[in-house]
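Geometric and topological summary
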Amino acid sequence: MNSSSKAHTGSFHDCNADRNIETAQEADERSNIFISYSKSDQDQYDTIRQTTSNTQLPSTNYLIYTDAGKLLFFRYGDEAGLATISGLFQTLSAVINDENLGEVHCINTVTSNIVFMSVGAITLVAIAYKDCDGQCDTVDNLRLQLECLYSGIIFTMTDVIQYMVLRNDPQFDLIFLLGSANQTLKCIMNDMNCFESQSSRKSCCWIGGGGGVDIISPIPTEVRNYTSTILARECSKNNSIIYGILSIGKRIFNIIQPHQIGQQLSPFDLNILMYFLDTQIVIPDSELWFPICLPRLSQSAFVNCFQCCIGELFGMRLTLISQQPSLEEFKSLQSTANAIKSAFGITPKSYDNDCQEKMLTKKETKINHWRKRFLTYLSSCLKDALDDELQKEMMQNYCNMSCLIHFTFRYAVPIRHCKSRAESDGRLIQSFGPQLSVEGYNLSEKKIWIMYQRLALRLSVGTESVEDTLNMYDSICGNSVRDVDTAITRNMPSQILHETSLNDRVIDEFLYITDGDELYVAQRGRHYDFYAVLPKALSSVADAKILCSTLVETLLHKSDDLQFMSFLTFY
């Protein structure tokens, strides 16, 4: 940094007043106070960018520090150096606050985009580095990532505990309160930069606008419907249960939830929950019982989570979430879980099967035999759905159908009653698509990631302008007075933006970006959006629109691989 040289303009936004900084010149003069680079610094970085591949550039880093200057968390790097950087960021914020210019939301430099999120006594920072073409994660996507990280922080402590602890002891290390959520944060950070993930199956839930839950598919409709009925029937016997979930890893097999739209899970909360549950070790024939906070439901209250394994079905877990924390409730959830296992044809190992068979009536014996056949069929379906090679072949067939290099599809699925199949007003966004991979193409995964972000921003805001994005956040926050929990709207504007823009869209829209030898496209219609990349040499824009529309139509109405309408139920 060189305070005597001309600054590269930072982007500052006042969220407390509906006004913009008057002119670009004034903004540049203000930024001279805060950030500046010498010309030699810029020339040196330009040389590095030209000689370094995108895959060798630094990964997106995340810093979390308190108002007292204590560095709580970082993804990688030297702690002493990062503590100095966080101190510099604090100084920037203090100077701007002293000038009554509001809060620092983002800074754009020649090397990176830096986005800030201040909540209570902590500040979260995302630092994303530009590639050799000067491309970088959008401010909106970085803000979305920070919102999800904050959700992961208060997942095990609520915002009330965060405020009270740091108010009483500003130097307190919140990592001690995070517990196993610390590992959850690291997993989320890695998967939000999915082009860097070394996972055997990279999740598609963060691609594009983000927020879609990753489902297990293909599963026959009758199988999902039957498991939905079982979950709903048994959970409805306990008025304290609000959610019942069957999952494998971070992917959902089935879910039930209340019919009241205000109590239905946000896809972002559901993803955080899946990441947290995936880090928990569940021993067969044992249960876990712990409190959690679902930030989009309430940032200041706990619900209680019961978890157990469903037999030996490829690691399938049953999660029951209750409003009651008592020992009696734990025992009640144990009984509910055993009833669900029994309906699936799973008998506890402690039972004497021969003795039990003799005590059953003829009708009960037939039911048991039918349940065991269903369990065998379910196991066969899961084996195919979890086979990586079969999944890869299925996704490749979809790509070949429309000459695509890659695609991702998000659909806001209507939540239906498990018996009548009548729709409620609620929807849950699902994600469907191949892993982010460009094997066989002279193309970087990060480039696709960034282009999808830009297209998602155009669909949701109308432009890629940082100012327009932040103004949209202000508009969302301005409506918070009508919400029961204003903290949800105030702290999560990017999440709400991407949910509501998908659910509210009525008119179809098609956008594209041409870059090098590739054509990046986005299509949004009623309750869905679709992102894809095609070889430009094979498709004109008009042809690309036809190809993508055909695939969307197939996914919505003709595919046997999704069964969108049957896997969500409520009771």
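What about the sheet that holds strand β2 (residues 71–74)?
Taken in spatial order, the five strands line up as β2-β1-β5-β4-β3 in an open sheet, and their pairing is antiparallel. Each edge of the sheet is formed by a strand with only one pairing partner; in this case those strands are β2 and β3 (106–108). Geometrically, the sheet is characterised by an average inter-axis angle of 15° between neighbouring strands, direction not taken into account. Sheet analysis places strand β4 (residues 112–119) next to strand β5 (residues 122–129), joined by eight bridges and oriented antiparallel. Its bridge partner being in β5, Val119 is matched across the sheet by Ile122.

Observations regarding the packing of helix α7 (residues 181–192) against helix α9 (residues 267–278)
Contact pair α7 / α9: the axes reach a minimum separation of 9 Å and the direction vectors enclose 120°. Taken together, the axis directions place α7 and α9 in an arrangement best described as oblique. For the crossing formed where α7 meets α9, the hand is right-handed. Seen from α7, the contacting residues are Ala181, Thr184, Cys187, Ile188 and Asp191; seen from α9, they are Ile272, Tyr275 and Phe276. Grouping the constituent residues of the contact of α7 with α9 by class yields six nonpolar, one polar and one charged.

Thoughts on the pattern of salt bridges
In this structure the tally under the stated criterion is 10 salt bridges. In this structure, Arg410 engages Asp529 in a salt bridge whose closest nitrogen and oxygen atoms are separated by 2.8 Å. In this pair, Arg410 sits in strand β12 (residues 406–417) while Asp529 sits in strand β16 (residues 528–535), placing the two residues 119 residues apart along the sequence. Here the two residues Arg410 and Asp529 agree in accessibility, since each one is buried. Residues Glu464 and Arg458 are paired through a salt bridge, measuring 2.7 Å at the closest nitrogen-oxygen approach. Taken together, the salt bridges that share partners define one network made up of Arg233, Glu234 and Lys237.

Observations concerning the pairing of strand β8 (residues 251–257)
Most of β8 sits inside the fold, with seven of its seven residues counted as buried. Alignment of strand β7 (residues 241–248) against β8, held across five bridges, turns out to be antiparallel. In the strand pairing of β8, Ser247 is matched with Ile252. Adjacent in sequence and paired antiparallel, β7 and β8 are bridged by two residues, among which Gly249 carries a positive phi angle near 65°.

Conventions we followed
- Residues numbered from 1 in each chain as written.
- Predicted model: local features only at pLDDT ≥ 70, side-chain atom pairs only at ≥ 80, totals over all residues.
- Heavy atoms only, no water.
- Pairing = 2+ DSSP bridges.
- Helix = DSSP H or I, 4+ residues; strand = E, 2+ residues; numbered from the N terminus.
- Axes fitted to C-alpha atoms, helices over the stretch in contact; angles between N-to-C directions.
- Parallel < 35°, antiparallel > 145°, perpendicular 65-115°, else oblique.
- Left-handed = near helix turned anticlockwise from the far one by under 90°.
- Contact = heavy atoms within 4.5 Å.
- Nonpolar A, V, L, I, M, F, W, Y, C, P; charged D, E, K, R; others polar.
- Salt bridge = Lys/Arg side-chain N within 4 Å of Asp/Glu carboxyl O.
- Buried < 20%, exposed > 50% of the residue type's maximum accessible area, 1.4 Å probe, protein only.

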